[in-house]
Amino acid sequence: MPKRLSVVPERCSGCRLCECTCALQHFGVSNPKKSAIRVVALYPHPVIRMPVVCRQCAQPKCRENCPTDAITLEDGVVRIDAETCVSCRQCVISCPFGAIFVHDDIAVPFKCDLCGGHPQCVQQCPKAALQYVPEHELGEANRVAAVLRYAHMKEVEYVEKGERKKLRYAEIGREQSE
Amino acid sequence: MRRSAASKANKQQLQGGYHFRILWVDLSTGESRIVPFGDRFALKYIGGRGFGAKILFDHLSKITDPLGPENVLTIAPGPLTGLYLPGAGKTHVVALAPLTGIYGDSNMGGNFGAELRQAGYDALVLTGRAEQLSYLWVDEDDVAIVPAPELAGKGALDTERAVKEALQSEEVRVAAIGPAGEKLVRFATINCDWSRNAGRCGMGAVLGSKNIKAIAVRGGKDLPVADVARLRMLTDRSLKDLADHPLFEFWQQQGLMSVVDYLNTAGGLPTRNFQQNVFEHADQIDGFKMEGEFKIGDTACFGCPMSCGNICLVKNGKYKGTITEGPEYESACTLGSNLGVSDFSAILKGNQLCDELGIDTISAGVLVGTMIEAVDTGLLQPSDVDGMKLEWGNSDQITALLEKMANRDGVGDVLAGGSKAVLEKWPQLAPILVQTKGMEQSAYDARATISMGLAYGTSDIGAHHARAWTVGKELELGAKWTDHDRVNIVMYHQTIRPLFDMLGVCRLPWIELGFDERLYAEYYSAVTGIPHTLDDLLERSRALYDLTRLISVSRGVSRKDDYPAPRMFERPIEGGQYAGRVIDRAQYEELLDLYYQKRGWSEDGIPPAEKAKLFKDRLT
């Protein structure tokens, strides 16, 4: 079952433990700037903190734009081959999410490789803002939320003892369950 | 026995923890240089507040006015700042304090310190005065003083926005002052990462006096760590331990706002300028109220799983649209119960205003409370306060007075000078102005817990709770305590808490979620490659207390200054289970004698002359 790294920005506190642990995992150094995930914080309008990390696109723009075919997609992971890469940074610019990173000390751009299926950032996130979930679950939360929103807006009319009444969908079944 | 582990350790070489570089900027000449330091200096002063105090001590003889160009401002993270470590986000700001005229420091969280370390510096020192209003831009080795007259009068948060736009980067870290810092308000703050303030002592005014509106920093250097694998192992484990703590989730939800309910229930919530200890509307301003109606998100400082920052939004009413990070407990009390304010949205407005204006919520709140009581009791006439209708709970007048202070308008000009200036103009306010050494007291009462009185009296910066907080312990165990116990606990706090400030970490994981303090020695050992025990480190932070005392003694501080506010002795608490309590003066004098004895200071609170020699060493 392919799994995806999924971000829930609303939960992120901006603590950057994900950055710290990623840099330690991949480069063995204490340097959040050598991390393949980066928390961007904006304030106050809009107020948000959001970890930016590779989504392992099925049609990766970075691969499409790579002039030396250094970027591959295998088993759901987009990788940069350091041998073939000429470090032109085209992938960095092409990524629609800004999820490919560069650093002076490192010869080629770097990105998330899902830590071989055990993403450290997910493990250390204290807010559960990073999730590693089966692909089929992606969007499920949004689907349920969309249905709930609809149910909250929607009313049904009915007649009881000759009197017209309205009931919100969202209220149906609530009394029994309480 | 006295041959310390530290001196043995000195013989081993540091393998990490430091860049051994201080960035030293003379704003008058516009020159910046790198001042190196050696192992001995690093190990003895550790970092953060330790570095700042030593640097201030070295330059003390040249400083007459805290707001003169000669004052030396040090911004120093610690050797643990910026690492993969819970609470590694602290930076210390040290200078001679405008508020008190003595040793001063204040710390801020956020990401600024981590970034400064990544820029390759262990500290940033500012001296002199820029010719015109400018911001300092530190991009690793490139340092520039950028003239920015267009920032004049801007709020601190607006300034951060403007500097980020000027540098075309959202990822630089910015510390900034508001209009109050520019106007040299003596409790002006330095604000970083939108809402993390170095709040106390008036460090924002020092920056303002140097014509520096903001400091922007960017860096990508590796932080030197001797044993990376061990650091990682320690933190993987620590994060798990913290997450398993039964209060972890509650802490993330409320942060320090949980203290409002705790203290009100315990009969210790300062109310109406420390007259009462129970606020009848506490449930309108506590953490549960915040969570239920105002909180829209969490924020955390660098590397911290606890995310105690609460982002709050006012959704309706006259303060609709107010968005602010916080308040935390101190602000909720000093802008809330202590002013009789029961409208949480007004507290949020006050908090946001203080952040933007760049003034300390504690000092500002206590001064406003004093004004309200003074008018209320006839010590001052309405004409003294520009005819304002100051009364308990009147949030419109309170916010108006906050603005007046920051802009030095009318009566605000007097208040902007802090407690010392207020008492000079209106000596009759001495019994009601709750301050020590010119610093307005934090939002914890001391009358039910005399050890907290001693903590305020002997805190090296003035009546602040960060050096020692003994309220909880004394309420719980105080009945069995002797005076020796009281002095010991105050001194233990005054030793371990400054250690956090030297290491550049937050003390809250330790205080709130039972983080074992010995772990910090393990961390320091892993990072430096030199084995340390907690006692080794405490020995150095204990010595630092002598150093900061010596700085203040040189400005005339002695026993006469080491007392909590007169109100703590004279005015019995109203309301709650400790009603009627005051600090017993005779007992306090005994505590003070005992305290000086244990510190090895004279009866008058002066460290012996030979102590000064211990700090005369060179940086390299």
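Residues numbered from 1 in each chain as written. Chains lettered and ligands numbered in written order. Predicted model: local features only at pLDDT ≥ 70, side-chain atom pairs only at ≥ 80, totals over all residues.

Visitor: Any details on the domain arrangement of chain B? Residues and values, ideally.
Guide: Residue and element names in this part refer to chain B. Partitioning chain B into structural domains gives domain 1 (15–218), domain 2 (249–429) and domain 3 (440–613). Taking only C-alpha atoms into account, the centre of domain 2 sits 25 Å from that of domain 3. Of the residues lining the interface, 24 residues belong to domain 2; the matching set on domain 3 comes to 21 residues. In the side of domain 2 that touches domain 3, the residues fall into 14 nonpolar, nine polar and one charged. (Domains from an automatic or database assignment. Contact = placed C-beta atoms within 7 Å. Nonpolar A, V, L, I, M, F, W, Y, C, P; charged D, E, K, R; others polar.)

Visitor: Any details on the pairing of strand E9 (residues 173–176) of chain B? Residues and values, ideally.
Guide: All names here are of chain B. Going residue by residue along E9, you find Arg-173 and Ala-175 tucked away on one face and Val-174 and Ala-176 tucked away on the opposite face as well. The pairing of E9 with strand E10 (residues 190–192) spans two bridges and is antiparallel. Considered in E10, the bridge of Ala-176 is made with Asn-191. (Buried ≥ 20, exposed ≤ 12 C-beta atoms within 10 Å, placed from the backbone. Helix = DSSP H or I, 4+ residues; strand = E, 2+ residues; numbered from the N terminus. Pairing = 2+ DSSP bridges.)

Visitor: So what's going on with the sheet that holds E10(B)? Residues and values would help.
Guide: Sheet strands line up and pair through hydrogen bonds in the backbone, either parallel or antiparallel. Residues and elements named next belong to chain B. Pairing is mixed across the open sheet formed by six strands, whose spatial order is E8-E7-E12-E9-E10-E11. On the outer flanks of this sheet lie strand E8 (142–147) and strand E11 (196–198), each paired with one strand and no other. For this sheet the average axis-to-axis angle between neighbouring strands, irrespective of direction, equals 20°. Where strand E7 (residues 134–139) meets strand E12 (residues 212–218), six bridges bridge the pair, whose relative direction is parallel. Of the residues in E12, the one forming a bridge with Ser-134 is Ile-212. Those strands touched by helix H5 (residues 156–166) are E7, E9, E10 and E12, and its axis lies near 140° from that of E9. (Axes fitted to C-alpha atoms, helices over the stretch in contact; angles between N-to-C directions.)

Visitor: Quick rundown of the nonpolar core? Include the residues and the values.
Guide: Buried together is how nonpolar side chains tend to be arranged in soluble globular proteins. By size, the foremost hydrophobic cluster in this structure holds 228 residues, and its most contacted members are Ala95(B), Tyr135(B), Val260(B), Ile359(B) and Leu402(B). Setting aside anything within four residues of it in sequence, one finds Ala95(B) in contact with Leu56(B), Pro66(B), Asn71(B), Val72(B), Leu73(B), Thr74(B), Gly104(B), Met203(B) and Val206(B). (Core = buried A, V, L, I, M, F, W, Y, C linked by C-beta atoms within 7 Å.)

Visitor: I'd like to hear about the interface of chain A and chain B, residue by residue, with values.
Guide: Across the contact, 23 residues belong to chain A and 26 residues belong to chain B. Those elements that place two or more of their residues in the side of chain A that touches chain B are helix H1 (17–27) and strand E2 (37–42) of chain A. By residue number, the principal contributor to the side of chain A that touches chain B is H1(A), which donates four residues. Partitioning the side of chain A that touches chain B into residue classes produces 11 nonpolar, eight polar and four charged.

Visitor: Describe the packing of helix H20 (residues 483–503) of chain B against helix H25 (residues 585–599) of chain B, listing the residues and the values that go with them.
Guide: Residue and element names in this part refer to chain B. Where H20 meets H25, the axes come as close as 10 Å, and the angle between the chain directions of the two elements is 55°. Judged on the interaxial angle alone, H25 and H20 are oblique. Considering the relative orientation of H20 and H25, their crossing is right-handed. Packed against H20, whose contacting residues are Asp-483, His-484, Arg-486, Val-487 and Met-491, the element H25 presents Glu-590, Leu-591, Leu-594, Tyr-595 and Lys-598 at the interface. Along the lines of polarity and charge, the residues of the contact of H20 with H25 split into five nonpolar, one polar and four charged. (Parallel < 35°, antiparallel > 145°, perpendicular 65-115°, else oblique. Left-handed = near helix turned anticlockwise from the far one by under 90°.)

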